[in-house]
Amino acid sequence: MPSQLGMPLPRHAGDELRDGALRQLASAAKALNLDPGMHKFLATPERTLIVSVPVMLEEGRLEIFTGYRVQHSTGRGPGKGGIRFHPNVTLSEVEGLAMLMTWKCAVTDLPLGGAKGGVAVDPRKLTRRQVERLTKRYTAAILPIIGPEKDIPAPDVNTDESTMAWIVDTVAMMTGQHSPAVVTGKPVELGGSRGRTEATGRGVAFVTLEVLKRAGKRPEDIRVAVQGFGNVGSVTAKALHEAGCKIVAISDVSGGYAASGGIDVAKAIDHVRNNPQRLLEGMSGLSKISNDELLAMDVDVLIPAALEGVITQANAGDVRAKIIVEGANGPLSGDADRILTGRGTTIVPDVLANAGGVVVSYFEWVQSRAGFYWELNEVESRLEIYMRRAMELVLATANTYDCSLRESAFIVAVQRVASAIERRGIFP
Ligand code: NAD
């Protein structure tokens, strides 16, 4: 789109993300022969709020940040989606991520819509107290559109359970009501769900083992490389290791670590826990490799669980794994996806593979609304039911439409959202 001066505006990563989400919608709309009006409806966010977030950093130094909350669709239920604090947050990025939340909730059949929020800020440049003030002012600004029956935020990049606790406090101070169901990802002592922290990694491991089972493969014969050893990567690696798979490489921002005989994942987790920077750096008994080498390893399963856009047109040709399970959000570019799908690689897309986190977030919302909290085994067995059901439907739909699992997941999701909106009718 040209600027007012007729010069093309620079494109940001957020524009790419939103355009990618719109392309995936368009492809599902085509497969479903979706009504053009409904396609247009689903391509447009329902509600966008842009707020200024003034924070008195210290006496006499006022800084103004820009915050966003976008509700892409509430057709199937209240909005659901994280809040990120990052200097690169833009409206288009938040719009794209909100749309992806709509599909993620729909593919797992949660009675929730899709939303996302963010503040363009580098929280590493602020003190903890300043981040708390920023969070509380941002929450006050978006309060008119969030709430347990409206839109339920959660943690995302650079936000965590403390951020959620500050939001609960702000809502309580401004409304006079204790409403823990206003957010998920809270500390357990403030109404968080047991098992939420491990949920995404457990879900990633579950879908990986299901794909292997359906391919007639035994976990004992499977070599896995996991990129990223944070929350998602470490829990996934541990669960797959416990299921019998051989984890032959892991990595984090400090680089990659490999052992052809298999890595002792519990030991690696201990190492990270005791490392002052929470890194794998200094792990003994493993060969040091680069993150690029990890992606190109001769393994059966590759699990990118660190960042978006790590496999692109430039390195897709080097990937040798026959199965890729997207632990991270958007680790493959559109080009990489086409190249690898064309080569027959099975790719379990993020909207399905890493949906365990939002499934247990949904459980947390249910528990907080009921004021009754489940035991860990109840959370885990229910998570498995939701993941299995979603997985089976995505696999069956891929057969029906003779398409990739990614296209299939979007077809399932778009069809569900469109059908809910049709059943409700367009107001008025
Ligand atoms: P995290 O911050 O706990 O871990 C990220 C890991 O990636 C760390 O080990 C970090 O060192 C590593 N990393 C960072 N930069 C890297 C690089 N350049 N090369 C290799 N490794 C690098 O984050 P997380 O919660 O595990 O999230 C990981 C991904 O999963 C993100 O894309 C996130 O959006 C996605 N995700 C997370 C959840 C969740 O519940 N945590 C849910 C859905 C999706």
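The rules we used
Residues numbered from 1 in each chain as written. Predicted model: local features only at pLDDT ≥ 70, side-chain atom pairs only at ≥ 80, totals over all residues. Heavy atoms only, no water. 1 Å grid on protein atoms, 1.4 Å probe; cavity = no way out; pocket = protein on both sides within 12 Å on 5 of 7 lines; lining within 4 Å. Points joined across faces, edges and corners; volume = space filled by probe spheres on them. Nonpolar A, V, L, I, M, F, W, Y, C, P; charged D, E, K, R; others polar. Helix = DSSP H or I, 4+ residues; strand = E, 2+ residues; numbered from the N terminus. Buried < 20%, exposed > 50% of the residue type's maximum accessible area, 1.4 Å probe, protein only. Contact = heavy atoms within 4.5 Å. Salt bridge = Lys/Arg side-chain N within 4 Å of Asp/Glu carboxyl O. Pairing = 2+ DSSP bridges. Axes fitted to C-alpha atoms, helices over the stretch in contact; angles between N-to-C directions. Near = heavy atom within 4 Å. Polar contact = N/O pair within 3.5 Å; in protein donor to acceptor, adjacent residues only side chain to side chain. Areas by Shrake-Rupley, 256 points an atom, 1.4 Å probe, with all protein chains shown as cover. Patch = residues over 30% accessible without salt bridge, like charges linked within 9 Å, V, L, I, M, F, W, Y side chains within 5 Å. Phe/Tyr/Trp six-rings, centres within 6.5 Å; stacked < 30°, edge-to-face > 60°. Lys NZ or Arg CZ within 6 Å of the ring centre and 35° of its normal.

Draft legend 1. Quick peek at the layout of surface pockets. In this structure, the second largest pocket spans a volume of roughly 250 Å³. Forming the boundary of the second largest pocket are F41, E46, R47, S73, T74, G75, I421, R424, G425, I426 and F427. Split by residue class, the lining of the second largest pocket holds 4 nonpolar, 4 polar and 3 charged.

Draft legend 2. Up close: the side chain of E93. Relative to the helices and strands, E93 is located in helix α3 (residues 91-107). E93 gets classed as buried once you look at its relative accessible area, which sits at 10%. Discounting residues that sit within four places of it in the chain, E93 has contacts with G14, L17, R84 and N88.

Draft legend 3. Representation of the pattern of salt bridges within the structure. Within this structure, the stated rule accounts for 29 salt bridges. K116 is paired through a salt bridge with D156; the nearest N and O atoms lie 3.1 Å apart. Pair noted here: K116 is in strand β4 (residues 114-119) and D156 is in the loop between β5 (151-155) and α5 (161-175), with a separation of 40 residues, a long-range link. The same class applies to K116 as to D156, namely buried. Because the salt bridges share partners, they merge into one network encompassing E210, K213, R214, E384, R388 and E392.

Draft legend 4. Broad picture of the sheet that holds β5. One open sheet holds the 5 strands; their spatial order is β1-β2-β4-β3-β5, and the pairing between them is mixed. With partners counted over all chains shown, the strands left at the sheet margins are β1 (47-58) and β5, one partner each. Averaged over all adjacent pairs, the angle separating strand axes in this sheet is 20°, with direction ignored. Here α3 sits on the sheet in contact with β1, β2 (61-73), β3 (79-85) and β4, set at roughly 35° to β2.

Draft legend 5. Spotlight on the site of the ligand. Taken together, 17 residues lie around the ligand, and T200, F229, N231, V232 and V253 are the ones closest in. One of the side-chain N or O atoms of R196 is found 3.5 Å from an oxygen atom in the ligand. At a separation of 3.1 Å, an oxygen atom of the ligand approaches a polar backbone atom of G230. Out of a free accessible area of 840 Å², the ligand has 70% covered by protein chains. Elements supplying a minimum of two residues to the shell around the ligand: α6 (196-214) and α7 (231-242). Its residues assigned to classes, the shell around the ligand comprises 7 nonpolar, 8 polar and 2 charged.

Draft legend 6. Region of interest: a nonpolar patch on the surface. On the surface, M56, L62 and I64 cluster together to form a nonpolar patch covering roughly 280 Å² of accessible area. If you trace the backbone, M56 turns up in strand β1. Overall, M56 belongs to the partly exposed group, its relative accessible area being 39%.

Draft legend 7. Just the packing of aromatic side chains, in detail. All told, the structure shown has 5 aromatic pairs when counted by the stated rule. Seen in terms of ring centroids, F363 and Y386 are 5.4 Å apart; in terms of plane orientation they differ by 75°. Their pairing is edge-to-face. Of the two residues, F363 is situated in helix α13 (residues 356-370) and Y386 in helix α14 (residues 376-401); the sequence distance between them amounts to 23 residues. The class for F363 is buried, based on a relative accessible area of 2%. Site record: aromatic cluster; members linked through ring pairs are Y362, F363, W365, W374 and Y386. Of note, R369 hangs over the ring of W365, and the distance from its end group to the ring centre comes to 4.0 Å. Its guanidinium or amino end placed over the ring of Y386, R389 lies 4.9 Å from that ring's centre, counting from NZ or CZ.

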